[in-house]
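Tertiary structure, described
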Amino acid sequence: MFSYRHAFHAGNHADVLKHITLLATLRHLMKKEAGITFVDTHAGAGLYRLDGDYAEKAGEAAEGIVKLMAALRPVSGAAAPSTPALDDYLDLIAGFNPDGQLRVYPGSPFVIQSLMRTESRDRLKLFELHPTDSRTLTANIAQLDPGRQITVALQDGFEGLKPLMPPPPSTSGSRRALVLIDPSYEIKSDYAKVTACIQESLKRFPTGCYLVWYPIIPRAEAHDLPRRLKTLCNNAQRSWLHATLNIGHKVLGPNERQGLTASGMFVVNPPHTLKAELQDTLPLLRDVLGRGRGQAQTLETGGA
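Not measured: the values here are computed from a predicted model.

Bringing the pairing of strand β9 (residues 262–268) into the picture now. Most of β9 is tucked away: 7 of the 7 residues are buried. Side-chain alternation along β9 places A262, G264, F266 and V268 on one buried face and S263, M265 and V267 on a second face that is also buried. With 6 bridges joining them, strand β7 (residues 209–215) and β9 adopt antiparallel strand pairing. Counted as the bridge partner of Y210 is V268 from β9. Summarising the sheet, strand β8 (residues 240–246) and β9 pair through 7 bridges and their orientation is antiparallel.

To continue, consider the sheet that holds β8. Strand order in the open sheet formed by 8 strands is β5-β4-β1-β6-β7-β9-β8-β10, with mixed pairing between adjacent strands. Where the open sheet ends on each side, the last strands, each with one partner, are β5 (150–153) and β10 (296–302). With strand direction ignored, the average angle separating the axes of adjacent strands in the sheet is 10 degrees. Against the sheet, helix α6 (residues 131–142) engages β4 (123–127) and β5, with an angle of about 165 degrees to β5.

So, on to the nonpolar core. Judged by nonpolar contacts, the single largest core of 80 residues is most densely connected at F38, I65, L68, Y89, I198 and V212. No other element matches helix α1 (residues 13–29), which puts 9 residues into this core.

Turning our attention to the layout of surface pockets. There is about 300 Å³ of room inside the second largest pocket. The wall of the second largest pocket is formed by 14 residues, among which H28, L29, K32, R176 and T207 lie closest to the centre.

Let us now look at the packing of aromatic side chains. Evaluation of the coordinates by the stated rule reveals 4 aromatic pairs. Residues F96 and F110 carry aromatic rings whose centres are separated by 6.4 Å and whose planes lie at 80 degrees to one another, so their mutual orientation is edge-to-face. In this pair, F96 is assigned in the loop between α4 (84–95) and β3 (104–106) and F110 in helix α5 (residues 108–113), connecting sequence segments 14 residues apart. Both rings, one in Y185 and one in Y191, keep their centres 4.6 Å apart while their planes meet at 40 degrees; by these two values the pair is tilted.

What counts and what doesn't
- Residues numbered from 1 in each chain as written.
- Predicted model: local features only at pLDDT ≥ 70, side-chain atom pairs only at ≥ 80, totals over all residues.
- Heavy atoms only, no water.
- Buried < 20%, exposed > 50% of the residue type's maximum accessible area, 1.4 Å probe, protein only.
- Helix = DSSP H or I, 4+ residues; strand = E, 2+ residues; numbered from the N terminus.
- Pairing = 2+ DSSP bridges.
- Axes fitted to C-alpha atoms, helices over the stretch in contact; angles between N-to-C directions.
- Contact = heavy atoms within 4.5 Å.
- Core = buried A, V, L, I, M, F, W, Y, C linked by side-chain atoms within 4.5 Å.
- 1 Å grid on protein atoms, 1.4 Å probe; cavity = no way out; pocket = protein on both sides within 12 Å on 5 of 7 lines; lining within 4 Å.
- Points joined across faces, edges and corners; volume = space filled by probe spheres on them.
- Phe/Tyr/Trp six-rings, centres within 6.5 Å; stacked < 30°, edge-to-face > 60°.

Rendered as structure tokens:
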């Protein structure tokens, strides 16, 4: 139950897709002054050392953020083409590494926190069930001295989300929420829990923005998940966006494992600007991060 540690995977291609999508969504939502309740159901440790034992052992950041930064922000030579969404993401990562050395990678809690507005009274609720990661997350957040703006709970995020929806009204009286749901999916039941979570959340607060990350792996539950989420959105008459990125299969050396090659982001009630931003960005991600046969990207929208 407590085997998964995101530190092994921080900064990989799945994080790149997840955090570009998250950041672009945040930027749009924050164009309105009204406060937002943010919820991260599986928050992890919050910050990760790319030069630490976990990250270096897996080496996944090398084919994610490290490769992307080298291509688009090279120390010397011409930079690869970019997009505003990509530039925004790379600027954020660079902000956590002011000396120019890519050593720190911010997880979703710190991506969200970096944009939070005190004057709008934004709130961030973080849930993490792994005891070690929860302690690390609490310590990392404490360095920000956030007061009551950010809370961390050692709790199952699926359960922790329920009493938060609908969110409390902002100072203007409106209710706004963004929820990120990205469990490890090491337990097969996570797929069904995600579906049930979205179904219940749409009943409790149908206008919320819900982002779901999932791995694309040879498992029936993984392939069924986006289809089930589309059905839920269509039945609830809510719009949706589904983006995937596959970096392809690399040629394996001795003692190497293929690892995760593809993942997807499913967004319920996406900003109307998100499709165009990802339409420009996904092909560039595929071209820069692609490494062999099978590399591809997809983007589709639907619903109300």
